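# Summary of structural features
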Amino acid sequence: MPEKVAEDVGDSTGVSDSEAAGPKINESALLRKLDLRLLPAVGILYLLSFLDRSNVGNARIEGLTSDLNISTRGQSAQSELAAYLFIQLGISILQD
């Protein structure tokens, strides 16, 4: 009885593993492309987040909460809503 050689046991279609995996991807080019597309949007969102936090803090110091009769709990909810809206804006920009 003939012994089976490792080459005979492989896939019968004649396609090697490297060809079946698909085309080779240049990872450095992919990372560069992702960086160029994502980093500006993330940077802008970070800047807007910083500006929003500083503006809320300054408004609180100047007495905006007492002028508008906003409790600390209400201010927290409003800040969360503003952050949610900024996040949704960023997501919609990235999807386009």
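Residues numbered from 1 in each chain as written. Predicted model: local features only at pLDDT ≥ 70, side-chain atom pairs only at ≥ 80, totals over all residues. Heavy atoms only, no water.

## What about the overall build of the chain?
Looking only at helices and strands, the chain has 5 helices and 0 strands in total. Helices and strands in the chain line up, N terminus first, as α-α-α-α-α. Burial status across the chain gives 4% buried among its 96 residues. For the chain, the computed accessible surface area is about 8,800 Å², with 60% contributed by carbon and sulfur atoms. (Helix = DSSP H or I, 4+ residues; strand = E, 2+ residues; numbered from the N terminus. Buried < 20%, exposed > 50% of the residue type's maximum accessible area, 1.4 Å probe, protein only. Areas by Shrake-Rupley, 256 points an atom, 1.4 Å probe, with all protein chains shown as cover.)

## What about helix α3 (residues 27-61)?
Taking 1.5 Å of rise per residue, the 35 residues of α3 would be expected to cover 51 Å, and the 49 Å separating its terminal C-alpha atoms lies within 8% of that figure. The first or second residue beyond α3 is Gly63, which carries a positive phi of 95 degrees. (Expected span 1.5 Å × (residues − 1).)

## Observations concerning the environment of Arg37
Mapped onto the fold, Arg37 is located in helix α3. For Arg37, a relative accessible area of 60% corresponds to the exposed category. For the pair Arg37 and Leu94, spaced 57 residues apart in sequence, the C-alpha to C-alpha distance is 8.7 Å.

## Quick notes on the confidence of the model for the chain
The predicted model of the chain averages 76 in pLDDT, with 71% of residues at 70 or higher. When mean pLDDT is taken per element in the chain, α3 scores highest with 86 and helix α1 (residues 6-9) scores lowest with 50. (pLDDT = per-residue confidence, 0-100.)

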